[in-house]
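# Architecture at a glance
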Amino acid sequence: MDYVAGIDVGSTQAKGVILDEQGTLVSKAIIDMETNMGTAAEEIFQRVLESANLQASAIAFTVATGYGRYRVAFGDLQVTEISCHARGALAEFPGTRTVLDIGGQDTKAIRIGDSGEVKDFAMNDKCAAGTGRFLGAASFALEMPLSELGPLALKSTKPVKITTTCTVFAESEIIGHLAKGHRPEDVLMGMHHSIATRCASLVRRVGLAPEITFTGGVSRNHAMVALLQEVLGTPLNVSAQAQFMGAIGAGLYALDHARAGRQQREEVVR
Ligand code: ADP
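Here the structure is a predicted model, which means the values were calculated and not measured. Numbering of residues begins from 1 in every chain and follows the order in which that chain's sequence is written. The model is predicted, so local features are restricted to residues of pLDDT at least 70 and side-chain atom pairs to those at 80 or more, both for listing and for counting; the totals for chains, interfaces and linings are taken over all residues. Hydrogens and water molecules were not included; the side-chain quantities draw on all heavy atoms of the structure.

### Remarks on the sheet that holds strand 7 (residues 107-112)
Across the sheet, five strands lie side by side as 8-7-6-9-10; this open sheet has mixed pairing. Bordering the open sheet on either side are strand 8 (118-123) and strand 10 (236-237), each of which pairs with just one other strand. Strand pairing is assigned whenever DSSP detects at least two bridges linking the two strands. Numbering of helices and strands starts at the N terminus; helices are DSSP runs of H or I of at least 4 residues and strands are runs of E of at least 2. As judged from the five bridges shared by strand 7 and strand 8, these two strands associate in the antiparallel manner. Looking at the pairing, Ile-110 lines up with Phe-121 of strand 8.

So, in structure tokens, the structure goes:
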């Protein structure tokens, strides 16, 4: 066995990783979900292979996760995002007992037991207000890339209270506040506050057990990290690979299967 792959087909972005036999990250790639899920999965697989300079035949086992995991035709197994984020977070921060995963369309709080098992989880319901989609609405209304929202929000001195709880109305509320003369940074900070409060209550639903590891694309937003730490009153672990945690967890499950497969083959030979 040489390598394994973890493919996380999310609602907003597809992420892929290749791990070696020791579970070390060999390559990673991310793409926006512009095409259909099956095509995105193929594309992300090609990208991680190219960046690792490997052929598909070098991959002993592939686990697919994410919203679109059943569309990964070449996947050997599908595992839920809940299990994969928990596994990825524990691998980097073994003290993790709570995972907060904020993605493009859903947010999950996951409670982990002392042996690393998933004990409980809570998810945002149908409403996308406490997810990356709310920030997507801000990015659209302010005509600003996602990566600039957090840094601008951190310049706020007078955050505006955002009252809408619905993503559909968020954009018009932002435009309304700007028209009244509020500064973009203050409106943005209000948006961040609104998301942080919702996510914190999701964490409390499963029980706020330290250490808390923040995963998913929204963890790349520094304002959100700072606000969540403030609202939850505890520091958060944030990996440099936080958006790849689901893919890494999937890769680690793939490694278990590849090792078990090899062991079985060796037993047959003996
Ligand atoms: P999913 O798995 O649901 O597709 P992800 O965990 O990949 O979601 O997160 C996607 C979200 O991450 C986007 O909606 C956006 O809010 C946020 N995001 C992505 N890139 C950045 C960035 N560079 N800076 C800040 N936020 C980002």
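Right, picking up where we left off after that structure.
### Concerning the packing of helix 3 (residues 132-141) against helix 5 (residues 167-179)
Interaxial distance between helix 3 and helix 5 falls to 9 Å at its minimum, and their mutual angle equals 35°. Helix 3 and helix 5 meet at a crossing whose hand is right-handed. Residue-level contacts link Arg-133, Phe-134, Ala-137, Ala-138, Phe-140 and Ala-141 of helix 3 to Thr-167, Ala-170, Glu-171, Ile-174 and Ile-175 of helix 5. Only Asp, Glu, Lys and Arg are considered charged, only Ala, Val, Leu, Ile, Met, Phe, Trp, Tyr, Cys and Pro nonpolar, and every remaining residue, Gly among them, polar. Per-class residue counts for the contact of helix 3 with helix 5 are eight nonpolar, one polar and two charged. Every axis corresponds to a line fitted to the C-alpha atoms, with the helix fit spanning only the stretch in contact, and the corresponding angles, defined between N-to-C directions, vary from 0 to 180 degrees. Helix crossings fall into two classes, left-handed where the near helix is turned counterclockwise from the far one by less than a right angle and right-handed where it is turned clockwise. In this analysis, two residues are considered to be in contact whenever any of their non-hydrogen atoms come within 4.5 Å of each other.

### Things to note about the side chain of Thr-215
When you line up the elements, Thr-215 lands in strand 9 (residues 212-215). According to the relative accessible area criterion, Thr-215 is buried, its value standing at 0%. Excluding residues within four positions of it along the chain, Thr-215 makes contact with His-85, Ala-89, Val-99, Leu-100, Asp-101, Ile-102, Ala-242 and Met-245. Each residue's exposure class comes from its accessible area (1.4 Å probe, protein chains only) as a fraction of the maximum for that residue type: buried when under 20%, exposed when over 50%, partly exposed otherwise.

### As for the site of the ligand
A single heavy atom is enough: if one lies within 4 Å of a molecule or strand, its residue is considered near that molecule or strand. In the region of the ligand, 16 residues are neighbours, and Thr-12, Gln-13, Lys-15, Gly-217 and Gln-243 sit closest. Distance and chemistry together define a polar contact, namely a pair of N or O atoms within 3.5 Å, with one atom able to donate a hydrogen and the other to accept it when in protein, and with adjacent residues in sequence counting only for side-chain atoms on both sides. Within the backbone of Gly-217, one N or O atom sits 2.8 Å away from an oxygen atom of the ligand. Taking Arg-220, its side chain carries an N or O atom lying 3.4 Å from a nitrogen atom of the ligand. Burial of the ligand by the protein chains amounts to 89% of its free accessible area of 580 Å². When contributions to the shell around the ligand are tallied by element, the ones reaching two or more residues are strand 2 (13-20) and helix 4 (146-153). Grouping the constituent residues of the shell around the ligand by class yields two nonpolar, twelve polar and two charged. Per-residue and other accessible areas were derived by the Shrake-Rupley procedure at a 1.4 Å probe size, with only the shown protein chains allowed to occlude residues.

### Details of helix 6 (residues 184-206)
Take the residue count of a helix, subtract one, and multiply by 1.5 Å to get its expected span. Taking 1.5 Å as the rise per residue, helix 6 with 23 residues should run 33 Å; its terminal C-alpha atoms sit 34 Å apart, in good agreement. Of the residues trailing helix 6, Gly-207 is marked for its positive phi of about 100°.

### Topic: the pattern of salt bridges
The salt bridge definition used is simple: a Lys or Arg side-chain nitrogen within 4 Å of an Asp or Glu carboxyl oxygen. A full pass over the atoms with the stated rule returns nine salt bridges. When salt bridges with common partners are traced through the structure, they connect Arg-69, Glu-81, Asp-101, Asp-106 and Lys-108 into a single cluster.

### Remarks on the pairing of strand 4 (residues 59-65)
For strand 4, a buried count of six out of seven residues is recorded, marking the element as mostly surrounded by other parts of the structure. Relative to strand 5 (residues 77-78), strand 4 runs parallel, the two being bridged by two bridges. Paired with Ala-64 across the two strands is Gln-78, which belongs to strand 5.

### Some thoughts on the domain arrangement of the protein chain
Here the protein chain is described as being made up of domain 1 (1-93 + 244-270) and domain 2 (96-238). The split into domains, and so the bounds of each, comes from an automatic or database assignment of domains. The C-alpha centroid of domain 2 is placed 27 Å from the C-alpha centroid of domain 1. The partner domain 2 presents 20 residues to the twelve residues of domain 1 that form the contact. Between domain 1 and domain 2, roughly 1200 Å² of surface is buried when both sides are summed, and carbon and sulfur atoms account for 71% of that area. Applying the counting criterion to the domain 1 and domain 2 interface returns one salt bridge. A salt bridge links Glu-81 to Lys-108; the nearest nitrogen and oxygen atoms lie 3.2 Å apart. Viewed at the interface, domain 2 and domain 1 are joined by four residue pairs in polar contact (both at pLDDT 80 or more). A total of seven residues in the side of domain 1 that touches domain 2 trace back to one element, the largest contributor, which is helix 2 (residues 81-92). Each residue belonging to the side of domain 1 that touches domain 2 can be placed in one class, and the counts come to seven nonpolar, four polar and one charged. What gets called buried area is simply the loss in accessible area from a 1.4 Å probe that two parts show on being joined, summed for both.

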